[in-house]
Amino acid sequence: MTSTSPFTLRWGILSTGSIATEFAMDLLVDPATRNSDMRHVIAAVGSRSVESADRFVDKLKASTGPWSWGVQQGLLTETKAYGSYAEVCNDPNVDVVYVGTPVTLHHADAKMALLAGKHVLCEKCFTFDLAELDDLIAIAREKNLFLMEAVWTRFHPIAYKIQDVVFSGRLGKPKRFQADFSIDFNVDARPTSDRFLDPALGGGSLLDMGPYPSVWAMLLLYQHPDNRSTAPKFVNSYQRIYRRTNVDERSRWLLDFENLECEAQLMTDMTTHGLREATAVLQCQDGDLIIEFGPQKPSTFHIVPRNGERETYHYPIAAEQGHGLCFEADEVAQCIRDGKTESERMPLSESRVAQSWLDEVRRRGTTCMKDMKGKA
Ligand SMILES: NC(=O)c1ccc[n+]([C@@H]2O[C@H](COP(=O)([O-])OP(=O)(O)OC[C@H]3O[C@@H](n4cnc5c(N)ncnc54)[C@H](OP(=O)(O)O)[C@@H]3O)[C@@H](O)[C@H]2O)c1
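Residues numbered from 1 in each chain as written. Predicted model: local features only at pLDDT ≥ 70, side-chain atom pairs only at ≥ 80, totals over all residues. Heavy atoms only, no water.

Q: How do you make sense of the packing of helix H9 (residues 211-222) against helix H11 (residues 348-364) when you look at a structure like this?
A: Working note: a packed helix pair is described by the angle between its axes plus the distance between those axes. It is the contact of H9 with H11, at a shortest axis distance of 10 Å, that shows an interaxial angle of 125°. On the basis of the axis angle, H9 is oblique to H11. Between H9 and H11 lies a crossing whose hand is right-handed. Across the interface between the two elements, Ser214, Ala217, Met218 and Tyr222 from H9 touch Glu350, Val353, Ala354 and Trp357 from H11. Along the lines of polarity and charge, the residues of the contact of H9 with H11 split into six nonpolar, one polar and one charged. (Axes fitted to C-alpha atoms, helices over the stretch in contact; angles between N-to-C directions. Helix = DSSP H or I, 4+ residues; strand = E, 2+ residues; numbered from the N terminus. Parallel < 35°, antiparallel > 145°, perpendicular 65-115°, else oblique. Left-handed = near helix turned anticlockwise from the far one by under 90°. Contact = heavy atoms within 4.5 Å. Nonpolar A, V, L, I, M, F, W, Y, C, P; charged D, E, K, R; others polar.)

Q: Teacher, can you tell me more about the pairing of strand S11 (residues 280-284) here?
A: One face of the sheet, then the other: side chains in a regular strand alternate in exactly this way. Within S11, four of the five residues are buried, leaving the element largely enclosed by the surrounding structure. Pairing analysis gives five bridges linking strand S7 (residues 174-182) to S11, with the strands arranged antiparallel. When the sheet's bridge partners are listed, Pro174 is paired in S11 with Cys284. Counted along the chain from S11 to the antiparallel partner strand S12 (residues 287-291), the turn is two residues long. (Buried < 20%, exposed > 50% of the residue type's maximum accessible area, 1.4 Å probe, protein only. Pairing = 2+ DSSP bridges.)

Q: Where do I start with the domain arrangement of the protein in this structure?
A: Put simply, an interface is often sized by how much accessible area is lost when its parts join up. Here the protein is described as being made up of domain 1 (7-152 + 330-340) and domain 2 (157-316 + 351-364). Between domain 1 and domain 2, the C-alpha centre-to-centre distance is 27 Å. Across the boundary between the two partners, domain 1 contributes 16 residues, which contact 19 residues of domain 2. In terms of surface lost to domain 2, no three residues of domain 1 exceed Lys124, Leu130 and Trp152, which account for 35% of the buried area on that side. On inspection of domain 1 and its partner domain 2, the count reaches two salt bridges. Across the pair Asp208 and Lys124 runs a salt bridge, and its minimum N-O distance is 3.6 Å. (Domains from an automatic or database assignment. Buried area = accessible area lost by both parts, 1.4 Å probe. Salt bridge = Lys/Arg side-chain N within 4 Å of Asp/Glu carboxyl O.)

Q: Explain the site of the ligand to me, please; I cannot follow it from the model alone.
A: Residues in close proximity to the ligand total 22 residues, the closest being Thr16, Ile19, Ser47, Arg48 and Tyr85. In the environment of the ligand, an oxygen atom lies 3.3 Å from a nitrogen or oxygen atom belonging to the backbone of Gly17. Residue Arg48 places a main-chain N or O atom 2.9 Å away from an oxygen atom belonging to the ligand. If the ligand stood free it would expose 900 Å²; the protein chains cover 79% of that surface. Among the elements of the structure, helix H1 (18-26) and helix H5 (103-115) are those that each provide at least two residues to the shell around the ligand. Partitioning the shell around the ligand into residue classes produces eight nonpolar, nine polar and five charged. (Near = heavy atom within 4 Å. Polar contact = N/O pair within 3.5 Å; in protein donor to acceptor, adjacent residues only side chain to side chain. Areas by Shrake-Rupley, 256 points an atom, 1.4 Å probe, with all protein chains shown as cover.)

Spelled out as structure tokens, the structure:
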């Protein structure tokens, strides 16, 4: 709802990598494009080198298109560029820290921010393992700070629309589900130091891509009213190894949502393109729901009733809404404004469930990342 006195949240951005760039850009999008009254100021950017932080801020200031609005509104006027993450965490002008580093660094970076008294939004997957996540949750609770995993898909308008269809019961009881996030990232052409290949940076398809098949299992099955927020039984898993660095190039796992009597097969792959026309499929008693690629930011879904015509729905992120990361930023701002320490849409309990699946796939698998403490 638009109001005359927007709530202002001052962000500190950790890292100048690719998703940190897109996230920071989306803080500059006019909130009116999504009927929001949140105002996001970029107070500080931290990088391992001050030159990179300076370049990042300069690039943001040169933004065109939907991102130029924030530049004109002065959302970057006071932005500090630091050559360390610690300086961002200790900046008194920062309310909340966005963690956009590789997954094996999330725990240390988010912990530093929490211990400095900052709220935290941390990129997916939240942490390397559940033990790290539980440590962050304990600190956030002890210090009464907001903490959330940055699963942006949950906040996209299409996610609410799809849930409405499934939960309305018009397709009947869920019976089987499959979701896949697969992209051919041309890994053979990448150096072994690449984030996708280096075990020390959380390499492999599972940790990077796993949150996206998981998000649809969580939204459609875990949150299904008949599931009564019960974690599924983990049935089995399989990983194919990428020989150059011994990380997983492909992972699959099977879950049984016993309250629903519905199985879910989830898959990630960094060497093969997934099906464009069906990234997630929920087969129900009276018809199917089909979500088109990609699972992180779908714009089209279909309802195929058992007896009836296929219906197609489009809910794309509008060009004036940027990349679509502004919705999760608004959620963070609203929660902090309202004094909440976690989001009802992306609760910590649900991050724990999805994180536990990644742990279990790795524990049962054969990659060099099987050992939870084997990371760099
Ligand atoms: N939400 C989404 O849709 C989405 C999309 C892509 C990625 N992600 C997640 O976001 C995180 C970052 O992914 P990304 O694609 O942005 O990665 P990226 O482009 O490689 O950026 C990562 C950044 O982390 C910093 N960093 C700190 N220590 C590092 C180290 N030892 N090696 C490499 N970089 C280091 C670097 O920034 P400085 O040099 O400035 O310190 C680097 O630019 C991952 O957890 C990933 O899964 C989320």
